[in-house]
Amino acid sequence: MASGLVRTTGDLPGPVHALLERERRGVMTTLDPDGRGHSVPVGFVLIGDEIMSPIDHKPKSGRKLRRLSNIERDDRVTLLVDHWDEDWTRLAWVMVRAQAEVVAEAGPEVATALNARYPQYAPDELPDAWIRMRPTRLTWWSWD
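Colleague: So what exactly am I meant to see when it comes to the pattern of salt bridges here?
Modeller: Opposite charge on two side chains makes pairing possible when the charged atoms of those side chains draw close. Across all of its chains, the model carries 11 salt bridges by this definition. Residues E101 and R132 are paired through a salt bridge, measuring 3.3 Å at the closest nitrogen-oxygen approach. Within this pair, whereas E101 is found in strand 7 (residues 92–103), its partner R132 is found in strand 8 (residues 129–142), the two being separated by 31 residues in sequence. Note on R132: relative accessible area 16%, which makes it buried. A residue is classified by how much of its surface remains accessible, and E101, at 30% relative accessible area, is partly exposed. Here the salt bridges do not stand alone but share partners, grouping E50, E101, R132 and R134 into one network.

Right under this line is the structure:
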C-alpha cells in the first residue's frame, strides 16, 4: 500500500495524478455556519494546479446553493476523489484540501476541458458560475 502528502497536484505520483484526470465525480465538502461539513457530489476539471467545478443549469431549488454561501463565508473546502472496485487491490483515493472562490467566468480553456470531459454538456454550454479550488494539501492512498 502506498500513501503520501504533497502541496500541489503537480507533485502527485503519476498514477494518483491520473486518478484526478480520469475519475469523473468527486465529493466536495464546505463548512456551514456552525462548522459542520456540507458534502455534495460534483463534476470537476483539473486545469494546471487548479480544480474547477461548474455550477450548471441542472434543476436547483431556486435559492442560493449552500456550497456557494459556505465558500463566500469560509473559503476552505475539501474535494475527495476515489476509485472504487470490488477488487480491493484497485482501490485509490486523493483528498484535496483547498482554498476556493466562486467566479463568474473561467475562460475558454476551462469550458473546453469541461465539455470534453462530460459529453452531457452541449459544446457551447457555459455554467452559471464556477468554483475555483486552489489546492493547499493533497493526501492520497492507493493499494499499489
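Colleague: I would appreciate a short explanation of the nonpolar core in the present structure.
Modeller: Here is a general trend for soluble globular proteins: nonpolar side chains tend to be buried in one another's company. Counting residues in each nonpolar core, the largest one holds 37 residues, and the members touching the most others are L12, L79, V94, I131 and M133. Ignoring sequence-local partners within four residues, the contact set of V94 consists of L12, V16, L19, L20, L79, L80, V81, L138, T139 and W140.

Colleague: What is the right way to read the environment of S3 from this model?
Modeller: Inspection of the secondary structure puts S3 in strand 1 (residues 2–6). Using a relative accessible area of 53% as the deciding quantity, one classes S3 as exposed. Between the alpha carbons of S3 and M95 there is a distance of 11 Å; along the sequence they are 92 residues apart. The contacts of S3, once residues within four sequence positions are left out, are W140 and W141.

Colleague: Can you help me understand the packing of aromatic side chains in this one?
Modeller: Two descriptors summarise a pair of aromatic rings, namely the distance from one centre to the other and the angle between the planes of the rings. For the structure on display, the rule yields 3 aromatic pairs. Seen from their ring centres, W141 and W143 are 6.4 Å apart, and the 85 degrees between their planes marks the pair as edge-to-face. Take W141: its relative accessible area is 19%, and that puts it in the buried class. Owing to a relative accessible area of 32%, W143 belongs among the partly exposed residues under this scheme. Just above the ring of F44 sits the side chain of R117; from NZ or CZ to the centre is 4.6 Å.

Colleague: Looking at this structure, I do not really get helix 2 (residues 66–73). What am I missing?
Modeller: Along an α-helix, a turn takes 3.6 residues, which lines up residues three or four apart on a common side. Burial in helix 2 covers these residues: R67, L68, N70 and I71. The buried residues of helix 2 all sit within an arc of 165 degrees when viewed along its axis, so they share a single face. Contacts made by the buried residues of helix 2 are with strand 2 (26–31), strand 3 (37–42), strand 5 (50–55), strand 6 (76–83), strand 7 and strand 8.

Analysis parameters
Residues numbered from 1 in each chain as written. Predicted model: local features only at pLDDT ≥ 70, side-chain atom pairs only at ≥ 80, totals over all residues. Heavy atoms only, no water. Salt bridge = Lys/Arg side-chain N within 4 Å of Asp/Glu carboxyl O. Helix = DSSP H or I, 4+ residues; strand = E, 2+ residues; numbered from the N terminus. Buried < 20%, exposed > 50% of the residue type's maximum accessible area, 1.4 Å probe, protein only. Core = buried A, V, L, I, M, F, W, Y, C linked by side-chain atoms within 4.5 Å. Contact = heavy atoms within 4.5 Å. Phe/Tyr/Trp six-rings, centres within 6.5 Å; stacked < 30°, edge-to-face > 60°. Lys NZ or Arg CZ within 6 Å of the ring centre and 35° of its normal. Arc of directions from axis to C-beta.

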